[in-house]
Amino acid sequence: MSMKLYDKDIACVMQNIKAYGECRRLDNNAHWKMNDKEKLVLRSDMAYELGGGMNEAVSALAFTTDKAVVDTDGVYLIGDDMTSIDKDIPYARLTFIRLKENVLDDTKKGALYAVMRAVDYVRYNTYPDGFMMRISSVKEREPVRISKEAVNSNISFSNIGSELIRAYKTREEVEAVKIYFITSGSADYTMLKQYAGRCEQITDSLNHIFNGLVMDCSTCSSRELCDEIEDLRKFHMDKL
């Protein structure tokens, strides 16, 4: 059994980002100094902020169990790398994670949703030196402050992507991770923000289904998603 809750959306956004510029594959085995707790990057120490000010700062997370969708680990960049940036700009990080198929074995107990949230929360406990993620789950924003010291030490998205992959893969349910960093001025960040919101809505819908929060389809806020996404509808029907 495979899970295809996000697969069509992953395919759609991957098709769209082709128009943003060259997509370069970076080294995904690079390293960077990691801290065991958050180290603040103050404004006086900041080189710039990805997604700072009125700029969009998008973070999207989608899951699959299909090897054809996420075949292996990878870090990709569309736009300038961090040492070539000198001011606040729009920014997006798209993360696609392949989970082991056995996470579907206990779906009626809500294990799938619990796994997804546990994997998502990895980013709250990952602290690359000089790369301070200012995560706001309420506003669905993830601006990042980059320190002057990190830029002088040649920080790159290869470093950060590699360390994030390592962090995600500390979860035994995770088989492969692909991360796309986008800094291109040609990117449609409004569309990417909508995509991120849709992924979050899909994940939240699983919580509603497995906890039986809404049993009447006519009143459920996830009704449109269930109509669109066959696997989500299957999960809901199995629960009824």
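The structure displayed is predicted, hence computed values, not measured ones.

(A) Looking closely at the layout of surface pockets. Here the largest pocket defines a volume of roughly 290 Å³. Considering the residues around the largest pocket, the lining is formed by 19 residues, among which Ser59, Arg117, Asp120, Arg123 and Glu200 are closest to the centre. Taken together, the elements giving at least two residues each to the lining of the largest pocket come down to strand E4 (57-64), helix H2 (111-120) and helix H5 (189-210). The residue inventory of the lining of the largest pocket, partitioned by class, reads eight nonpolar, four polar and seven charged.

(B) Fine view of the side chain of Thr203. Along the chain, Thr203 falls in helix H5. The exposure class of Thr203 is buried, given its relative accessible area of 3%. Within the local environment of Thr203, its side chain forms a polar contact with the side chain of Tyr6, the two groups lying 2.6 Å apart.

(C) Up close: the packing of aromatic side chains. Under the criterion given, the structure shown has seven aromatic pairs. Taking 5.7 Å as the distance between ring centres and 50° as the angle between the ring planes, the aromatic pair formed by Phe96 and Tyr180 counts as tilted. One end of the pair, Phe96, is in strand E6 (residues 91-99); the other, Tyr180, is in strand E10 (residues 174-182), with 84 residues separating them in the sequence. In textbook terms, an aromatic cluster arises when at least three aromatic residues are bridged by ring pairs, as seen for Tyr76, Phe96 and Tyr180.

(D) The arrangement of the sheet that holds strand E3 (residues 46-50) in detail. Strand order in the open sheet made by the three strands is E3-E9-E8, with antiparallel pairing throughout. Of all the strands in the sheet, the pair left with one neighbour each is E3 and strand E8 (131-133). Taken over all neighbouring pairs, the strand axes of this sheet differ in orientation by 20° on average, direction set aside. Two strands pair when backbone bridges link them, and E8 and strand E9 (residues 144-147) are joined in this way by three bridges, in the antiparallel orientation. Bridge pairing in E9 places Met132 opposite Arg145.

What counts, and at which threshold
- Residues numbered from 1 in each chain as written.
- Predicted model: local features only at pLDDT ≥ 70, side-chain atom pairs only at ≥ 80, totals over all residues.
- Heavy atoms only, no water.
- 1 Å grid on protein atoms, 1.4 Å probe; cavity = no way out; pocket = protein on both sides within 12 Å on 5 of 7 lines; lining within 4 Å.
- Points joined across faces, edges and corners; volume = space filled by probe spheres on them.
- Helix = DSSP H or I, 4+ residues; strand = E, 2+ residues; numbered from the N terminus.
- Nonpolar A, V, L, I, M, F, W, Y, C, P; charged D, E, K, R; others polar.
- Buried < 20%, exposed > 50% of the residue type's maximum accessible area, 1.4 Å probe, protein only.
- Polar contact = N/O pair within 3.5 Å; in protein donor to acceptor, adjacent residues only side chain to side chain.
- Phe/Tyr/Trp six-rings, centres within 6.5 Å; stacked < 30°, edge-to-face > 60°.
- Pairing = 2+ DSSP bridges.
- Axes fitted to C-alpha atoms, helices over the stretch in contact; angles between N-to-C directions.

Shape is all these values report; function is a separate question.
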